[in-house]
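So you can see what is in the structure, the chains are spelled out below.
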Amino acid sequence: MKKENILLYGGSFDPIHLGHEEVIKSVHKELNLNRIILVPNFQSPLKDKVFLTPSDRLLCIEQVLKRFPYVEISTYEIKKEAISYSYETVKFFKELYANSNIIFLIGADNWESRSKWKNFDFILRKSHVLIVGRPGVTIQQFNEYPYEPESFGEPGGITYFEGPMIDISSTQVKEIVIQDSNLSNVLHPDIISIVKNK
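Residues numbered from 1 in each chain as written. Predicted model: local features only at pLDDT ≥ 70, side-chain atom pairs only at ≥ 80, totals over all residues. Heavy atoms only, no water.

A.B. asks: Kindly report on the overall build of the chain, identifying the contributing residues and their values.
C.D. replies: Along its length, the chain carries 8 helices and 6 strands. The C-alpha radius of gyration computed for the chain amounts to 16 Å, which stays within 12% of the reference 16 Å derived for 198 residues, consistent with globular compactness. Along the three orthogonal principal directions, the C-alpha set of the chain runs to about 50 × 35 × 35 Å. Here the chain, with 198 residues, has 47% of them falling under the buried criterion. Element-wise, carbon and sulfur atoms account for 48% of the exposed surface of the chain, whose accessible area totals about 10,200 Å². Averaging the locations of the 23 positively and 25 negatively charged side chains of the chain gives two centres separated by 4 Å. (Helix = DSSP H or I, 4+ residues; strand = E, 2+ residues; numbered from the N terminus. Rg over C-alpha atoms; globule rule 2.2 N^0.38 Å. Buried < 20%, exposed > 50% of the residue type's maximum accessible area, 1.4 Å probe, protein only. Areas by Shrake-Rupley, 256 points an atom, 1.4 Å probe, with all protein chains shown as cover. Lys, Arg positive; Asp, Glu negative; His and termini not counted. Charge placed at Lys NZ, Arg CZ, Asp CG, Glu CD.)

A.B. asks: I'd like to hear about the pairing of strand 5 (residues 128-132), residue by residue, with values.
C.D. replies: Most of strand 5 is tucked away, with 5 of its 5 residues classed as buried. Both faces of strand 5 are covered, namely the face carrying His128, Leu130 and Val132 and the face carrying Val129 and Ile131. Two elements, strand 4 (residues 101-107) and strand 5, share 5 bridges in a ladder whose sense is parallel. Paired with Gly107 across the strands is Val132, a residue of strand 5. Relative to strand 6 (residues 158-161), strand 5 is paired through 4 bridges, and the arrangement is parallel. Across the sheet, the residue bridging to Val132 is Phe161, located in strand 6. (Pairing = 2+ DSSP bridges.)

A.B. asks: Can you tell me about the pattern of salt bridges, naming the residues and giving the values?
C.D. replies: Summed over the entire model, instances satisfying the criterion amount to 11 salt bridges. A salt bridge links Glu4 to Arg35; the nearest nitrogen and oxygen atoms lie 3.6 Å apart. Taken together, the residues span a long stretch of sequence, with Glu4 in the segment before strand 1 (5-11) and Arg35 in the loop between helix 1 (18-30) and strand 2 (36-40) at a distance of 31 residues. Here Asp14 ties to Lys174 by a salt bridge, and the two come within 3.7 Å at their closest N and O atoms. (Salt bridge = Lys/Arg side-chain N within 4 Å of Asp/Glu carboxyl O.)

A.B. asks: Explain the environment of Val195 to me, using residue names and the numbers behind them.
C.D. replies: The residue Val195 is located in helix 8 (residues 192-196) in this model. Separated by 135 residues in sequence, Val195 and Cys60 place their C-alpha atoms 8.2 Å apart. Aside from chain neighbours lying at most four places away, what touches Val195 is Pro15, Phe51, Leu52, Cys60, Val177 and Leu187. (Contact = heavy atoms within 4.5 Å.)

A.B. asks: Give me the lowdown on helix 2 (residues 54-65), citing residues and values where you can.
C.D. replies: Here helix 2 is 12 residues long and its end C-alpha atoms lie 16 Å apart, about the 16 Å a rise of 1.5 Å per residue gives. Listed as buried for helix 2 are Arg57, Leu58, Cys60, Ile61, Val64 and Leu65. In a view along the axis of helix 2, the buried residues occupy a sector of 160°, so they form one face of it. On its buried face, helix 2 is in contact with helix 1, strand 2, strand 3 (71-73), helix 3 (76-80) and helix 8. (Expected span 1.5 Å × (residues − 1). Arc of directions from axis to C-beta.)

A.B. asks: Report on the sheet that holds strand 6, specifying residues and quantitative values.
C.D. replies: The 6 strands lie next to each other as 3-2-1-4-5-6, forming an open sheet whose pairing is parallel. Looking at which strands have only one partner, the edges of the open sheet turn out to be strand 3 and strand 6. Along the sheet, successive strands turn relative to each other by an average axial angle of 25°, direction set aside. Inspection of the sheet shows strand 2 paired to strand 3 by 3 bridges, in the parallel sense. Within strand 3, the position partnered with Ile37 by the bridge is Glu72. With respect to the sheet, helix 2 is in contact with strand 2 and strand 3, its orientation differing from that of strand 3 by roughly 160°. (Axes fitted to C-alpha atoms, helices over the stretch in contact; angles between N-to-C directions.)

By themselves, these figures tell us nothing about what the structure is for.
Here it is in C-alpha cells:
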C-alpha cells in the first residue's frame, strides 16, 4: 500500500501573499496533495529581520487558509523562538509521521542557493524534494526531475513542478506597504488591514 504523502511548505510568510496561495492550490490540484502543512519560521537563517511579528504572521496565515481545509498550520518553528533550520523541521515531521512520506517544498530560486543551507543533504535523503518554479529561474536545468506519479513522495527523490509562476514576493509586498500603494493585487483582502497597520 502506498504511503500517504505529506507536503511541508515552510518559509517566513512575511506576509503570506497571493503567490503563496496559488502555489498551495496548484500543488493540491495538480499533484494530488491532500495534506499540506504550512510551517512559518520564527527567524530564517538567511534573513536578518522580519517585517511582521510571528503572531501577526500567524494571524494572516490563519485568515487566508481558513478557506483551505486540506492545509494545516504548524507552529513548530515559531514556538522554538530561534533561528529555524529546515533539516530540523524535516527530522521532526519525519519522526512524527513515520509511516508517511514527507515532501519538502522549495522554490527554484532557493534550490539554486541550497549550498548555503545547513545540512541540506539530510533533507535530500530523508524527504522527497519538490522544486516549484519561480519567475526568472530557467527551467531547462530541471528537466531531469519530471513528475512521476508512481514514485512521487519517496525519500531521496526530486521532482520539479513549474507551478503558477506568479511574480510576487514578500519583499515586493513590503515595498508596496512603504509606498502606501494598493495591496489588493498581492494580498488576500482579509489581511490587508493587518499588514498596513503592522
